[in-house]
Amino acid sequence: MKFGRLDSPEGHAFNLPPSHPLTSKVLPGRPALLPRVHIGCSVWSEKGYKGRIFPPRTPQGRFLETYARQLPTVELNGTHYYLPRPEVVASWMAAVPEGFLFCPKVPQFITHRRNMLGNPEMIEQFILRLAAMEGHLGPCIMQMPPYFGPDRLDELARLLEALPQDIAMALEVRHPAWFADTAAQDELFALMEASGTHAILSDVGGRRDALHMRLSSRKVLVRFNGHNLHPTDYHRLNAWALQLQEWMEEGLEEVFFFMHQPEQGLGADLARYFIRTLNARLGLGLPEPIWYGEQQQLSLYTES
């Protein structure tokens, strides 16, 4: 995630803003009975995972299968740029276990057009690809371009109305006006709440305004942009553990949390750290990834 990325974290403050005052409006005020937490990375096809969540000689054709045994979800960035062939989608579905969830990005030919509804045939093709992912489909990431401002809210409303209601959407906006103009933000969140669209929180160093800490439903998607395991990455995740605990005590039901790093392979390190942190603090019992060397040791211990 290059949006708002800093060359270096030195000299920057990364305090997590407080929960938005209106977030409590969409939470019931009582603990969620079984909060669901899915922690993953921005890619599965990453050579930097080798020797860690992948055995060293894992062929690329088995990257997804191996990744999906270690982490329960992944951002599907490729759909932002092209539509995969139906047989490719089918191979993905065959490679992952029950419960694994893809969060595909809505294609740029929809979100980045001046008329987002101007290509109905391609929209229909995208919907067909999503239908083929039934059982493994998490919220779709609707990432709007930086030039998409409040003046286009009506167009967004028409797009959300045109999409099937049984496909969950999560929205990320980037234009500064959404965060500076309270009235515009209120109109946006009224639309999101009415349409069942979930909020995306972008924790990125160079655009702290995008970390608005406002929810539109009892589900949230967080895109965390770190700095190659700099100490601030861990401090920020510790703060997120506290915030998620607070929201879960107020009724937050589901979390998708994705790790982004300049060196993408390091995202797995942060995913494991965060899983361990949440398990220790909240007792969630999330399965922890096991590094390749540890798998070898565990196998020897079991056999003995």
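Everything numeric here is computed off the predicted structure, so don't read it as measured data. (Residues numbered from 1 in each chain as written. Predicted model: local features only at pLDDT ≥ 70, side-chain atom pairs only at ≥ 80, totals over all residues. Heavy atoms only, no water.)

Applying the stated criterion to the full structure yields 14 aromatic pairs. Pairing Tyr49 with Phe54 gives two aromatic rings, centres 5.4 Å apart and planes at 80°, and the pair type is edge-to-face. With respect to class, Tyr49 is no different from Phe54; both count as buried. Ring centres of Trp92 and Phe102 lie 6.2 Å apart, and the angle between their planes is 25°; on these two criteria the pair is classed as stacked. One end of the pair, Trp92, is in helix H2 (residues 86-95); the other, Phe102, is in strand E3 (residues 101-104), with ten residues separating them in the sequence. (Phe/Tyr/Trp six-rings, centres within 6.5 Å; stacked < 30°, edge-to-face > 60°. Buried < 20%, exposed > 50% of the residue type's maximum accessible area, 1.4 Å probe, protein only. Helix = DSSP H or I, 4+ residues; strand = E, 2+ residues; numbered from the N terminus.)

On to the side chain of His212. Considering the arrangement of structural elements, one finds His212 in the loop between strand E6 (198-203) and strand E7 (219-225). At a separation of 3.4 Å, a polar atom in the side chain of His212 contacts the main-chain carbonyl oxygen of Ile200. Apart from the residues within four sequence positions on either side, His212 is in contact with His20, Phe179, Phe189, Ala199, Ile200 and Leu201. (Polar contact = N/O pair within 3.5 Å; in protein donor to acceptor, adjacent residues only side chain to side chain. Contact = heavy atoms within 4.5 Å.)

Moving on to the side chain of Ser42. Mapped onto the elements of the fold, Ser42 is located in the loop between strand E1 (36-41) and helix H1 (63-70). Those residues in contact with Ser42 that sit more than four places away from it in its chain are Val74, Glu75, Asn77, Met259, His260 and Gln264.

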